[in-house]
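Next come the chains, spelled out residue by residue.
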Amino acid sequence: MESPENHRIPLEKAEQIVLRWDSTVSEEARARMIFEGDRQEIDNYLQAIDEIQRSMESTTLSDDDDSKKVTTTTIQIAMARLEDEFRNILISNATPIETDSLTESISSTHLTSRTSSSIGEFPDADDYSTRGEDDTVSRNGSSSLLERGESSTTTASYRSMSSIREIDLIPSDSIYDLRCIADRMIAAGYFRECVQVYGSVRKSAVDSSFKKLGVEKLSIGDIQRLEWEALNAKIGKWIRAAKVCIRVLFASEKRLCQQIFEDLGTAADDACFMETVKGPAIQLFNFAEAISISRRSPEKLFKILDLHDALLDLLPDIDAVFYSKSAESIRVQATEILSRLAEAARGMLSEFENAVLREPSRVPVPGGTIHPLTRYVMNYISLISDYKQTLGELIVSRPVTGSRYSDDLTTPDMDFTDHEGQSPLALHLIWIIVILQFNLEGKSKHYKDNSLAHLFIMNNVHYIVQKIKGSPELREMIGDYYLKKLTGKFRQAATRYQRATWVGVLYCLRDEGLHVSGSFSSGVSRSALRERFKSFNAMFEEVHRMQALWLIPDTQLREELQISISEKLIPAYRSFLGRFRTHIENGRHPENYIKYSVEDLETAVLDFFEGYAVSQHSRRRSQ
């Protein structure tokens, strides 16, 4: 037992000092606290208790019973008083921690930047944007389309070094007083009372800190009943709060227990620590546990991974803070939650793959532009590539694909021999693109115009290619082999579009069928020529009218296709017009047959794939 001074005082005087501070009989004792007085008074009281304790230890059965009873009663009064003093000192220092600066510093220590994102729910069937503007997601996560709940903010990655930061929760002089009191209470057999008082007051302080950190008292059921939008925001708050709770709050509470109770016997420091933080720790981890066992839906994946990474990063600190045998349940809970979060992430990726394959929308996207499903899926896998370190560790098996030997036509096949050496995660990303294309091919069949169906495939596969090229991480994972395959696919769709649209138009500009033989003829059938010009005019006018409304949102792709059309159409028309213009102009009403000059066609081609009616183009050119 620690004694403030070495000299002893008589037992009778010691008992008088204790009885003077008996709050049940003394108004002065009720009005004042010993440990708020001067140091000499505090030391005298502690010396008095030490003397009485020594007296009790040296008392034998032969000693006077009345004297023993007085001593026992006196020590009981002293312990009651010490309990009040202990509680008062603790309450006086039960200030919540300063959370704002700690949250910021804990989140930024030893961390690297990574895009932390959330994505909206899977797109509703037949919910389209009519214009289809580009929505390229940049490395900082910004996005301009899919305004369906998708958001990204650059936050800290959760891979960090251990960064426990113990702070002083109570001033050193108060810690000294608390230790003096605890030493005497435990020596007198009041261990349980000491632990209960300590735990009660410090737990209230921890609860106050929890409130400042935004850690709510919610049951697992309460958490699972929350809407995802509300839960989404709470996950980010929980991650920040958990770092402060584990690395600062709980670590500092453990240190305080050691400062007050270490070496006082009966593992008092550990008992008081668990009395203080076990309830709050369970409350803290209940949130992550509820998320780990909640319904698996694809839009939750990235927040689940944020939670997984944060908890994985905290695990060494949890082991360090809760290392004792009595804290084993907390360590086990954290490890089990981490395992369930990993399994949930794997399940959500599988759910996403199935959702992409089975997405049921049948109404064609107006103008053959990029389908909302394509945008959603490519944004999703772009975010997956941001989490490649974590997912690369969690995804260890290949995707389950269709079989080329199966009669099942509802699932595509994938030849893994084309992707030797690629990670399971990379194979899953390629598989998602395969099933996305499979779904899009099915959707293209709902277009009545084959040309538009080919344009739709071209637009969507080109978008996939651009998204891959726009993300170095995604491009590395997909690989150049498959990227070249995709590039060939959208170019093939562009070629098919041109054949479906322009073969018939260009067929009007052939020479066959226009020449006649006879001594009274110039060699060209004027009537056949007039019909040929009329056919060309009608076909081009219809193509112009329709395809001006179609949309290629990518400017470069649109211009390349316009140039390709012009390179085939303009020379053919110029040659045809040059050969046969005079035959029409020498007859009646030539304007009824030659409606377009070469320049008119060149201008008209520039209207294609802009997504506006021809009349709107005319007005825009006249402005």
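Scroll up to find the structure.
Below: a short report on this structure. Computed from a prediction, not measured in an experiment: that's the story for all the values here. Sequence positions are assigned chain by chain, starting from 1 and proceeding in written order. Given that this is a predicted model, residues contribute local features only at a pLDDT of at least 70 and side-chain atom pairs are listed and counted only at 80 or more, while totals for whole chains, interfaces and linings are drawn from all residues. No hydrogens and no water enter the side-chain calculation; it runs on all heavy atoms of the structure.

1. Let's talk about the pattern of salt bridges
Phase 1 of the analysis: The term salt bridge refers to a side-chain nitrogen of Lys or Arg lying within 4 Å of a carboxyl oxygen of Asp or Glu. As enumerated under the stated definition, the model contains 34 salt bridges in all.
Phase 2 of the analysis: In this structure, the salt-bridge partner of Asp50 is Arg184, at a minimum N-O distance of 2.9 Å. Pair noted here: Asp50 is in helix α3 (residues 39–58) and Arg184 is in helix α6 (residues 172–187), with a separation of 134 residues, a long-range link.
Phase 3 of the analysis: Here Arg184 falls in the buried class, since its relative accessible area comes to 0%. Helix numbering and strand numbering both begin at the N terminus, where a helix is a DSSP run of H or I of at least 4 residues and a strand a DSSP run of E of at least 2. For every residue, the accessible area (1.4 Å probe, protein chains only) is compared with the maximum for its type, and the residue is labelled buried under 20%, exposed over 50%, or partly exposed between those bounds.

2. Observations concerning helix α11 (residues 301–321)
Phase 1 of the analysis: The terminal C-alpha atoms of α11, which comprises 21 residues, lie 29 Å apart, in line with the 30 Å expected from a rise of 1.5 Å per residue.
Phase 2 of the analysis: Along its length, α11 shows its largest kink, about 40°, at Leu315, and proline Pro316 lies within four residues downstream of that point.
Phase 3 of the analysis: Among the 21 residues of α11, 17 are classified as buried, and the element is accordingly described as predominantly covered. Given the number of residues in a helix, its expected span is that number minus one, multiplied by 1.5 Å. Bend at a given residue is defined as the angle between two axes, one fitted to the seven residues that end at that position and one fitted to the seven that begin there.

3. Quick look at the packing of helix α7 (residues 191–213) against helix α9 (residues 228–261)
Phase 1 of the analysis: Helix axes are fitted only over the stretch in contact, all axes being lines through C-alpha atoms; the angle between N-to-C directions runs from 0 to 180 degrees. At a minimum axis distance of 12 Å, the contact between α7 and α9 shows a crossing angle of 155°. What the angle tells us is that α7 and α9 run roughly antiparallel. Handedness of the crossing formed by α7 with α9: right-handed. Along its contact with α7, which presents Cys194, Tyr198, Arg202, Val206, Ser209, Phe210 and Leu213, the element α9 presents Ala241, Val244, Cys245, Leu249, Phe250, Glu253, Leu256, Cys257, Ile260 and Phe261.
Phase 2 of the analysis: Side-chain classes are defined by residue name, with Ala, Val, Leu, Ile, Met, Phe, Trp, Tyr, Cys and Pro counting as nonpolar, Asp, Glu, Lys and Arg as charged, and the others, Gly among them, as polar. Looking at side-chain class alone, the contact of α7 with α9 contains 14 nonpolar, one polar and two charged residues. Any angle that falls under 35 degrees is termed roughly parallel, while one over 145 is termed roughly antiparallel, one within 65 to 115 roughly perpendicular, and all others oblique. In this scheme the crossing of two helices becomes right-handed for a clockwise turn of the near helix relative to the far one and left-handed for an anticlockwise turn of less than a right angle. Residue contacts follow a heavy-atom distance rule, with two residues in contact if any of their heavy atoms lie within 4.5 Å.

4. Observations concerning the side chain of Gln437
Phase 1 of the analysis: If you trace the backbone, Gln437 turns up in helix α15 (residues 424–444).
Phase 2 of the analysis: On the basis of relative accessible area, Gln437 is assigned to the buried category, the value being 9%.
Phase 3 of the analysis: Within polar-contact distance, the side chain of Gln437 engages the side chain of Tyr482 at 3.0 Å.
Phase 4 of the analysis: If sequence neighbours within four positions are ignored, Gln437 has contacts with Val461, Ile464, Tyr482, Leu486 and Lys489. Counted as a polar contact is a pair of N or O atoms within 3.5 Å, where, for protein atoms, one must be capable of donating a hydrogen and the other of accepting one, and residues adjacent in sequence contribute only when both atoms are in side chains.

5. A few points about unusual backbone geometry
Phase 1 of the analysis: Although it is not a glycine, Asp263 sits at a positive phi angle of roughly 70°.
Phase 2 of the analysis: Considering the arrangement of structural elements, one finds Asp263 in the loop between α9 and α10 (268–292).
Phase 3 of the analysis: The class of Asp263 is exposed, set by a relative accessible area of 72%.
Phase 4 of the analysis: The residue Phe609 is not glycine, and still its phi comes out positive at about 65°.
Phase 5 of the analysis: By secondary structure assignment, the location of Phe609 is in the loop between α21 (598–605) and α22 (614–622).
Phase 6 of the analysis: According to the relative accessible area criterion, Phe609 is buried, its value standing at 0%.

6. Details of the packing of aromatic side chains
Phase 1 of the analysis: Planes of paired rings set the category: under 30 degrees apart is stacked, over 60 is edge-to-face and the rest tilted, where pairs are Phe, Tyr or Trp rings (Trp by its six-membered ring) whose centres lie within 6.5 Å. Scanning all chains against the criterion turns up 23 aromatic pairs.
Phase 2 of the analysis: Between Tyr497 and Phe609 the ring centres are 5.7 Å apart and the planes differ by 75°, which places this aromatic pair in the edge-to-face class. Of this pair, Tyr497 sits in helix α18 (residues 480–507) while Phe609 sits in the loop between α21 and α22, and the two are 112 residues apart along the sequence. Comparing Tyr497 with Phe609, the two get one shared label, buried.
Phase 3 of the analysis: Here Phe540 and Phe608 contribute two aromatic rings whose centre-to-centre distance is 6.2 Å and whose plane-to-plane angle is 35°, an arrangement assigned as tilted. You can see Phe540 sitting in helix α19 (residues 526–547) and its partner Phe608 sitting in the loop between α21 and α22, a full 68 residues away along the chain. The same class applies to Phe540 and to Phe608, which are both buried.
Phase 4 of the analysis: Throughout this description, the term charge over a ring refers to an Arg CZ or Lys NZ atom that lies within 6 Å of the ring centre and within 35 degrees of the ring normal. One Lys or Arg, Lys254, reaches over the ring of Tyr323 and ends 4.5 Å from the middle of that ring.
Phase 5 of the analysis: Between the NZ or CZ atom of Arg510 and the centre of the ring of Tyr507, over which it lies, the distance is 3.7 Å.

7. What about the state of the cysteines?
Phase 1 of the analysis: In this description, a disulfide is simply a cysteine sulfur pair whose atoms lie within 2.5 Å. Scanning the entire structure with this criterion turns up zero disulfides.
Phase 2 of the analysis: Cys257 takes part in no disulfide bond, and the closest cysteine sulfur to it belongs to Cys272, at a distance of 5.6 Å.
Phase 3 of the analysis: Relative accessible area serves as the criterion here: at 0%, Cys257 is assigned to the buried category.

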